[in-house]
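So the chains spell out like this:
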Amino acid sequence: MSATLTAPSGTRGDHRTTGGPLTGLGTLLRFFLRRDRIRLSVWALSIGLLFLYAATAFATVYPTAADRQLRASLIASPAATMMAGPGYGLENYTLGAMVANEMTLTAMIAVAIMSILLIVRHTRTEEETGRAELVRAGVVGRHAPATAAFLTATVANAAIAVLSGLLLTGAGLAVVDSFALGAAVGVTGLVFAAVAVVTCQLTEHGRAASGLGLVVLGAAFLLRAIGDVQETHGSWLSWLSPIGWAQQIRAFVDLRWWPLALSLAAIVLLLLLSSALAARRDVGAGLLPPRAGRAEALPSLRSPFALAWRQQRGSLVAWGAGIGVMAFASGTFVDAAGDMVGEMAVDNPVLLELFGEQDLVDGFVAAMTTFLVLGVSAFAIASALRARGEETSGRVEPVLATTVSRTRWLGAQLAVTGIGAVILLLVAGVSLALGGLSVGVSDPSLGEYVAAAVVYLPAVAVLVGLVVALYGWRPGLAGLPWVVLAFGFLIGMFGGLLDLPTWAEGLSPLWHVPQLPGEAFDAGPLVGLSALAVALLAAGFVGFRRRDLVTT
Amino acid sequence: MSTPRTSQPAVKIHDLHKSFGTVAALDGLDLVVPHGQVAGFLGPNGSGKSTTIRVLLGLLRADSGSVRLLGGDPWADAVTLHRRLAYVPGDVNLWPNLSGGEAIDLLTRLRGKVDPARRAELLERFELDPTKKARTYSKGNRQKVALVAALASDVELLVLDEPTSGLDPLMESVFTQCIQEVKAEGRSVLLSSHILAEVEKLCDTVTIIRAGRTVQSGTLDELRHLTRSTITAVTTHDPETLAGHPGVHDLVAEPATDGTRVRFDVDNDDVATVLRTLTDLGVRSLQAAPPSLEELFLRHYGDELSAMDPAGAR
């Protein structure tokens with residue numbers, strides 16, 4: 001790594017050399033790999049199998065070249081391009097080109113999230129909890145923990161790269177391109193691992209460090225999304241994004257390796273930066289010194305709701321900003337969706353009969369809203385899970401030892417979750433509309449955009465209800481709704497592509513929501529989702545009132 | 001105070017059982033905190049002190065046994081009872097983005113009335129800077145935050161779980177004063193600890209538990225026999241007369257350069273007569289050590305220890 005082993009200066013007997021900045025690296029690496037062996041295996045297998053499944057499903061759903069060309073003309077729409085890639089090979093859309101163009105983005109987002117969380121878990125979170133002090137007090141070099149964490153990420157991403165290459169080859173795709181695609185995914189994961197090593201130097205909180213890392217991921221996604229929509233095969237904006245670099249290797253079309261050199265250079269630069277930053281700070285400290293707080297609380301800080309709001313308002317603002325920027329940027333492509341119709345009519349007149357111009361715009365809005373709602377759902381799940389964090393950290397004990405009942409405390413936590421989710425849905429709808437207005441599209445109206453987003457509230461409530469029900473009865477499993485959301489993400493991104501039976505798609509609460517403004521409004525599913533959410537919440541409260549608090 | 005203070009005990013636990021899975025944390029525990037008294041709750045780590053306190057606070061549900069807290073049921077009446085008590089956890093965790101002052105205000109407001117003068121006085125006595133963010137506090141300072149929040153509240157009962165484990169000796173004496181004031185005001189205190197000296201200083205009654213079961217309880221005077229001092233002395237004469245003294249236990253004698261070295265435990269009530277005997281024997285040097293909790297526990301756990309260590313079974 002960057003912190004090059006400063007060669008033992010002078011000519012001391014080598015058996016007596018004092019340790020370098022990397023002393024203890026091997027032990028730590030083995031320890032990290034052991035701690036993460038199950039977690040990382042699950043990540044690697046999921047991503048590898050996603051590729052295998054996509055390659056097989058695509059081959060089943062689009063058996064002939066004509067089928068695939070029809071798919072190519074659909075995927076060229078702005079909404080699909082944002083969620084896919086720069087569109088190499090659209091003129092001869094082979095199975096490999098399909099996998100590279102449509103699946104790689106998902107896999108890269110997944111490895112990026114995995115890598116960011118992995119680095120933060122092993123570095124900043126360890127410092128935050130004080131465990132790092134125990135380790136650093138041993139015979140362990142200054143840079144050893146961060147280096148070991150980065151090497152752990154390297155092992156994980158290499159495993160994913162090789163496994164993806166193997167499984168794609170196994171699905172019958174070209175060997176070199178399969179492994180190139182796997183390598184691109186793995187290297188992109190490492191870029192974000194390096195990003196996280198830097199963000200861990202900046203802030204004292206693990207949560208803030210991973211948040212910053214995810215902001216960088218969001219920016220990388222957005223840059224290449226805008227670039228790819230602006231221009232087929234990407235504009236200069238696409239070349240500012242690590243995700244863009246990986247997509248620019250043109251796997252299965254006209255493979256080139258050199259864009260990955262940009263990723264490797266970025267990794268080296270980021271690691272050099274982090275080692276320079278790390279040398280300037282103390283263990284446990286961030287670069288910014290903590291500020292003093294109030295000696296006395298504001299009069300408003302007198303209820304569990306005020307406390308929960310105080311705890312979460314910062315993250316709500318961050319989520320709002322992220323979703324707002326993403327929605328506004330997406331909204332500016334509404335007119336491009338309209339323009340598509342003209343181009344497509346030339347290639348394929350049948351399509352114009354299937355979709356009118358307005359349908360395409362509405363479809364675009366619906367698809368973008370679905371995507372934004374995934375973000376809102378992620379906030380809602382994370383926010384509801386804070387209750388468990390308060391409990392396991394022991395912070396809930398002094399509160400429940402006052403005159404606050406369990407119902408009131410959990411209700412206050414969830415009120416913040418609910419208010420936050422409503423705010424974020426409104427931000428998504430309004431920002432999308434403002435993006436559309438900024439390029440001169442006034443149909444759909446602002447109200448329609450907002451309705452398209454807010455109509456998802458019952459589905460988000462079901463996800464929260466699931467967290468609460470598990471929290472009330474089986475608190476150890478309360479994180480399970482993340483799996484449901486990941487599944488909802490796959491359904492939302494690929495929908496019919498994956499060739500899943502309807503009942504399986506229906507496992508995601510988001511799937512039941514009418515896709516406004518394109519589809520007709522249908523109250524039935526919304527009433528059903530609301531009833532389910534209420535039942536789950538009620539069950540959760542009953543369970544939480546009955547059970548022992550988890551004490552550590 | 002909404003309810004008149006009566007002479008019924010603040011806490012009365014009989015035959016309390018609580019298991020976590022197959023592990024029995026509490027196995028027939030008895031505990032009484034008489035009204036207006038300071039009750040010591042002694043036991044080694046893992047003996048069930050914190051579990052008992054969490055049952056008292058309604059955070060855990062008892063498997064069986066009777067538990068009365070301020071005349072009510074700690075599980076069913078938790079909210080109304082909590083108006084009349086304040087709690088200091090053994091391991092204080094605070095909200096990282098709140099300052100210590102904000103945490104104190106929040107906790108006291110959630111309980112009811114706030115007395116700003118009392119809060120300011122306590123902050124000064126405990127030398128606590130309320131503007132620092134909770135994450136920058138040491139363990140001791142986090143404990144002070146919880147102590148100030150509890151002591152600033154006008155409540156009938158204080159439930160304190162090893163409240164001094166992070167305090168330095170100076171702050172411990174401030175804490176001792178505060179508890180004596182609380183007692184003088186006629187309030188009740190449940191004080192869990194593993195430091196015998198602290199309990200001796202403050203408590204009227206003591207309950208000693210091990211492995212989730214009460215092994216000794218009573219007033220300090222009743223337990224006086226448990227508190228023996230260890231005396232080491234060198235005498236010029238043969239210390240044979242000591243062996244017959246009823247207050248002397250576990251006598252060991254060995255030859256020393258200038259006489260005989262003796263080591264024994266003495267019941268605190270008998271110190272005066274034993275010292276007289278020692279003087280008659282011609283004391284050349286004398287050391288007296290207060291009884292430590294370790295020795296107290298050794299007496300209770302001695303059977304297990306000697307089973308583990310055959311060399312120690314004499």
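Right, let's walk through the structure included here. (Residues numbered from 1 in each chain as written. Chains lettered and ligands numbered in written order. Predicted model: local features only at pLDDT ≥ 70, side-chain atom pairs only at ≥ 80, totals over all residues. Heavy atoms only, no water.)

**Topic: the overall build of chain B**
- A tally of helices and strands in chain B yields ten helices and 13 strands.
- Across the 314 residues that make up chain B, the buried fraction comes to 51%.
- Across chain B, the fraction of contacts at a sequence separation of at least 24, relative to all contacts at a separation of at least 6, is 68%.
- For chain B, the exposed area adds up to about 13,700 Å²; of that, 51% sits on carbon and sulfur atoms. (Helix = DSSP H or I, 4+ residues; strand = E, 2+ residues; numbered from the N terminus. Buried < 20%, exposed > 50% of the residue type's maximum accessible area, 1.4 Å probe, protein only. Contact = heavy atoms within 4.5 Å. Areas by Shrake-Rupley, 256 points an atom, 1.4 Å probe, with all protein chains shown as cover.)

**Section: the overall build of chain A**
- Assigned secondary structure in chain A consists of 23 helices and zero strands.
- Its C-alpha radius of gyration of 25 Å places chain A within 12% of the 24 Å reference for a compact globule of 552 residues.
- For chain A, with 552 residues in total, the buried portion stands at 54%.
- Long-range contacts, defined as pairs at least 24 residues apart, comprise 77% of the intrachain contacts of chain A with a sequence gap of at least 6. (Rg over C-alpha atoms; globule rule 2.2 N^0.38 Å.)

**Topic: the pattern of salt bridges**
- If you walk through the whole model with that rule in mind, you get 26 salt bridges over all chains.
- Two residues, A:Glu126 and A:Arg35, come together in a salt bridge whose shortest N-O distance is 3.5 Å. You can see A:Glu126 sitting in helix α6 (residues 124-129) and its partner A:Arg35 sitting in helix α1 (residues 25-35), a full 91 residues away along the chain.
- Residue classification places A:Glu126 among the buried residues on the basis of a relative accessible area of 8%.
- The shortest N-O distance in the salt bridge between B:Glu181 and B:Arg125 comes to 2.9 Å. With B:Glu181 in helix α6 (residues 169-184) and B:Arg125 in helix α4 (residues 116-125), the pair connects residues that are 56 residues apart, well separated along the chain. (Salt bridge = Lys/Arg side-chain N within 4 Å of Asp/Glu carboxyl O.)

**Looking at the packing of helix α10 (residues 206-230) of chain A against helix α13 (residues 304-331) of chain A**
Residues and elements named next belong to chain A.
- It is the contact of α10 with α13, at a shortest axis distance of 11 Å, that shows an interaxial angle of 5°. The pairing of α10 with α13 is recorded here as roughly parallel in orientation. Residues Gly218, Phe221, Leu222 and Ile226 of α10 touch α13, and the partners they reach there are Val325, Met326 and Ala329.
- In terms of residue class, the contact of α10 with α13 is made up of six nonpolar, one polar and no charged. (Axes fitted to C-alpha atoms, helices over the stretch in contact; angles between N-to-C directions. Parallel < 35°, antiparallel > 145°, perpendicular 65-115°, else oblique. Nonpolar A, V, L, I, M, F, W, Y, C, P; charged D, E, K, R; others polar.)

**A closer look at the interface of chain A and chain B**
- Counting residues at the interface gives 40 residues for chain A and 35 residues for chain B.
- Between chain A and chain B, the buried area comes to about 3,400 Å², and carbon and sulfur atoms account for 54% of it.
- Applying the counting criterion to the chain A and chain B interface returns three salt bridges.
- B:Lys18 is paired through a salt bridge with A:Asp548; the nearest N and O atoms lie 2.4 Å apart.
- Joining chain A to chain B, the criterion identifies 22 residue pairs in polar contact (both at pLDDT 80 or more).
- Of all the secondary structure elements, the ones that give two or more residues to the side of chain A that touches chain B are α13, α17 (396-400) and α23 (523-546) of chain A. (Buried area = accessible area lost by both parts, 1.4 Å probe. Polar contact = N/O pair within 3.5 Å; in protein donor to acceptor, adjacent residues only side chain to side chain.)

**Observations concerning the sheet that holds strand β11 (residues 248-256) of chain B**
Residue and element names in this part refer to chain B.
- One open sheet accounts for four strands, arranged β11-β12-β10-β13; its pairing is antiparallel. Edge positions in the open sheet fall to β11 and β13 (283-289), since each of these has one partner strand only. Between one strand and the next, the sheet's axes are offset by a mean angle of 15°, whatever the strand orientation.
- When β11 meets strand β12 (residues 259-267), the two strands line up antiparallel, connected through seven bridges. Each residue of the ladder has a partner; that of histidine 249, found in β12, is aspartate 265. (Pairing = 2+ DSSP bridges.)

**Here's the deal with the environment of A:Val484**
All names here are of chain A.
- Inspection of the secondary structure puts valine 484 in helix α21 (residues 481-494).
- Put simply, valine 484 and serine 445 are 39 residues apart on the chain and 32 Å apart in space, counted from C-alpha to C-alpha.
- Excluding residues within four positions of it along the chain, valine 484 makes contact with Leu463, Leu466, Leu507 and Pro509.

**Comments concerning the sheet that holds strand β7 (residues 188-193) of chain B**
All names here are of chain B.
- Strand order in this open sheet of six strands is β5-β6-β7-β3-β8-β9, and the pairing throughout is mixed. The open sheet has two edge strands, β5 (85-88) and β9 (213-219), and neither has a second partner. Here the strands of the sheet are splayed against their neighbours by 15° on average, with no regard to which way each runs.
- Of the strand pairs in this sheet, strand β6 (residues 157-161) and β7 are connected by five bridges, and their pairing is parallel. Bridge pairing links leucine 157 to serine 188 in β7.
- Against the sheet, helix α1 (residues 49-56) makes contact with β3 (38-42), β5, β6, β7 and β8 (205-210), and its axis sits at roughly 150° relative to β7, the strand it touches most.

**Some words on a nonpolar patch on the surface**
Residues and elements named next belong to chain A.
- On the surface, Phe328, Val430, Leu434, Leu437 and Leu446 cluster together into a nonpolar patch covering about 420 Å² of accessible area.
- With three residues, helix α18 (residues 406-438) is the largest single contributor of residues to the nonpolar patch.
- As for its position among the elements, valine 430 is in helix α18.
- By relative accessible area, valine 430 is classed as partly exposed at 32%. (Patch = residues over 30% accessible without salt bridge, like charges linked within 9 Å, V, L, I, M, F, W, Y side chains within 5 Å.)

**Regarding the packing of aromatic side chains**
Residues and elements named next belong to chain A.
- Across all of its chains, the model carries seven aromatic pairs over all chains by this definition.
- Ring geometry for phenylalanine 305 against tryptophan 309: centres 6.4 Å apart, planes inclined by 20°, an arrangement best described as stacked. Taken together, the residues phenylalanine 305 and tryptophan 309, both in helix α13 and four residues apart, mark about one turn of the helix.
- For the pair tyrosine 471 and phenylalanine 544, a centre-to-centre distance of 5.3 Å together with 25° between the ring planes defines the contact as stacked. Placement of the pair is tyrosine 471 in helix α20 (residues 457-473) and phenylalanine 544 in helix α23, with a sequence separation of 73 residues.
- Site record: aromatic cluster; members linked through ring pairs are Trp409, Tyr471 and Phe544.
- Positioned above the aromatic ring of phenylalanine 544, the side-chain terminus of arginine 406 is 5.7 Å from the ring centre. (Phe/Tyr/Trp six-rings, centres within 6.5 Å; stacked < 30°, edge-to-face > 60°. Lys NZ or Arg CZ within 6 Å of the ring centre and 35° of its normal.)

**Overview of the environment of A:Ala159**
Residues and elements named next belong to chain A.
- Assignment of secondary structure puts alanine 159 in helix α8 (residues 144-170).
- Since its relative accessible area comes to 38%, alanine 159 is described here as partly exposed.
- For the pair alanine 159 and glycine 48, spaced 111 residues apart in sequence, the C-alpha to C-alpha distance is 9.5 Å.

Note that all results are geometric; they support no functional claim without further evidence.
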